[in-house]
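A structural walkthrough
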Amino acid sequence: MRLQKNSLRGDVPKEVFKLLNLHSLDLSENRLQNSLPVEIAPNLRSLRLSSNNFTGSVASELGKATKLRHLALGENSFVGELPTELNMLTQLTSLDVHATGLTGRITTEFGTFTDLRYLSVSDTFIRARIPRQYGQLTNLAVLHVANTLVGGNLPEEIANMRSLRHLDLSGSRFRKSIPLGLAKLTKLSE
């Protein structure tokens, strides 16, 4: 179901998220608000809610949608940490939570999501370091961690991200030297 780029307002009816055969739901770029519903369609593979006015915390029940491959929640007013239940979404190929009020740490479990190709946590209050486990993300093409509280040393394991094309760490809190392994990222263009 594609309803993006309209002027939809208000709450999303909870019944929409209960549709058993719903595989894709794109409500991005509207004026929808309030919090995410608790129940999520079990066969949902793509959920795009970016650029709305959603508030509150990201529902832990999203972790039950284990078939999700695309999750886009960016440009909303979410607060709190990403729920640990998202670690159950092992089939994710893209996760976008940029420009939200999210806090907490970057979870190390995302480093085991071998299909992950796009990860954006830019413009959030997420902190800590990039986990070494992210070196296992050999299919990751885009990593955006700009304008966050993430910092410390860049892990040497970042050199294992052989598919990386776009790396944006600007405006964050990295220090010390650039790992020599970055020179191994031959697909890096930006």
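Note that this is a predicted model, so its numbers are computed, not measured.

1. Examining the sheet that holds strand β13 (residues 149-152)
Taking strand neighbours across the sheet as the criterion, the 3 strands line up as β11-β13-β15 in an open arrangement whose pairing is parallel. The open sheet has two free edges, formed respectively by β11 (127-128) and β15 (173-174), since each of these has just one partner strand. Relative to β13, β11 is paired through 2 bridges, and the arrangement is parallel. When the sheet's bridge partners are listed, A128 is paired in β13 with V150.

2. Some words on the side chain of N52
With respect to the element layout, N52 can be found in the loop between β4 (46-48) and β5 (53-56). Separated by 2.9 Å, the side chain of N52 and the backbone oxygen of L27 make a polar contact. One polar contact links the side chain of N52 to the main-chain carbonyl oxygen of L49, over a distance of 3.1 Å. Discounting residues that sit within four places of it in the chain, N52 has contacts with L27, S28, E29, N30, R31, L32, E75 and N76.

3. Considering the nonpolar core
Counting residues in each nonpolar core, the largest one holds 51 residues, and the members touching the most others are L47, L62, L68, L71, L73 and L143. Not counting chain neighbours up to four residues away, the residues in contact with L73 comprise L36, L49, S50, V58, L62, F78, D96, V97 and T100.

4. Describing the pairing of β13
Judged from the 2 bridges that link them, β13 and β15 form a sheet pairing that is parallel. Opposite G151, over in β15, you have R173 as the bridge partner.

5. Considering the packing of aromatic side chains
The relation between two aromatic rings is expressed through the spacing of the ring centres and the mutual angle of the planes. Within the structure shown, the criterion is met by 2 aromatic pairs. Residues F110 and F113 carry aromatic rings whose centres are separated by 5.2 Å and whose planes lie at 55° to one another, so their mutual orientation is tilted. Here the two residues F110 and F113 agree in accessibility, since each one is buried.

6. So, the environment of L116
Tracing the sequence through the fold places L116 in the loop between β9 (101-103) and β10 (118-120). Look at L116 and you get buried, because its relative accessible area is 1%. Along the chain, L116 and L102 lie 14 residues apart, while their C-alpha atoms are 20 Å from each other.

7. So, a nonpolar patch on the surface
Where nonpolar side chains cluster on the molecular surface, the patch consists of M1, L3, L8 and L19 and spans about 290 Å² of accessible area. Assignment of secondary structure puts L8 in the segment before β1 (9-10).

8. A few points about the environment of L95
As for its position among the elements, L95 is in strand β8 (residues 94-96). In the structure, L95 is positioned 25 residues away from H70 in sequence and 6.3 Å away in space, judged by C-alpha atoms. Apart from residues lying up to four places away in sequence, L95 is in contact with L71, F110, L116, Y118, L119 and S120.

9. Some thoughts on the sheet that holds strand β2 (residues 24-26)
Strand order in the open sheet formed by 7 strands is β2-β4-β6-β8-β10-β12-β14, with parallel pairing between adjacent strands. The strands lining the two open edges of the sheet, one partner per strand, are β2 and β14 (166-168). Averaged over all adjacent pairs, the angle separating strand axes in this sheet is 10°, with direction ignored.

10. Considerations on empty space enclosed by the protein
The tally for this structure, following the rule as stated, stands at 1 cavity of 30 Å³ or more. Each pocket or cavity is described by its volume, and for the largest cavity that value is around 50 Å³. Lining the largest cavity are L82, L95, V97, R105, I106, T107, F110, L119, V121, I126 and Y134. The residue inventory of the lining of the largest cavity, partitioned by class, reads 9 nonpolar, 1 polar and 1 charged.

11. Details of the pairing of β5
Looking at chain direction, strand β3 (residues 31-34) and β5 are connected through 2 bridges and run parallel. By the bridge assignment for β5, Q33 is matched with N53. Summarising the sheet, β5 and strand β7 (residues 77-81) pair through 2 bridges and their orientation is parallel. Looking at β7, one finds that T55 is bridged to S77.

Cut-offs applied
- Residues numbered from 1 in each chain as written.
- Predicted model: local features only at pLDDT ≥ 70, side-chain atom pairs only at ≥ 80, totals over all residues.
- Heavy atoms only, no water.
- Pairing = 2+ DSSP bridges.
- Helix = DSSP H or I, 4+ residues; strand = E, 2+ residues; numbered from the N terminus.
- Polar contact = N/O pair within 3.5 Å; in protein donor to acceptor, adjacent residues only side chain to side chain.
- Contact = heavy atoms within 4.5 Å.
- Core = buried A, V, L, I, M, F, W, Y, C linked by side-chain atoms within 4.5 Å.
- Buried < 20%, exposed > 50% of the residue type's maximum accessible area, 1.4 Å probe, protein only.
- Phe/Tyr/Trp six-rings, centres within 6.5 Å; stacked < 30°, edge-to-face > 60°.
- Patch = residues over 30% accessible without salt bridge, like charges linked within 9 Å, V, L, I, M, F, W, Y side chains within 5 Å.
- Areas by Shrake-Rupley, 256 points an atom, 1.4 Å probe, with all protein chains shown as cover.
- Salt bridge = Lys/Arg side-chain N within 4 Å of Asp/Glu carboxyl O.
- Axes fitted to C-alpha atoms, helices over the stretch in contact; angles between N-to-C directions.
- 1 Å grid on protein atoms, 1.4 Å probe; cavity = no way out; pocket = protein on both sides within 12 Å on 5 of 7 lines; lining within 4 Å.
- Points joined across faces, edges and corners; volume = space filled by probe spheres on them.
- Nonpolar A, V, L, I, M, F, W, Y, C, P; charged D, E, K, R; others polar.

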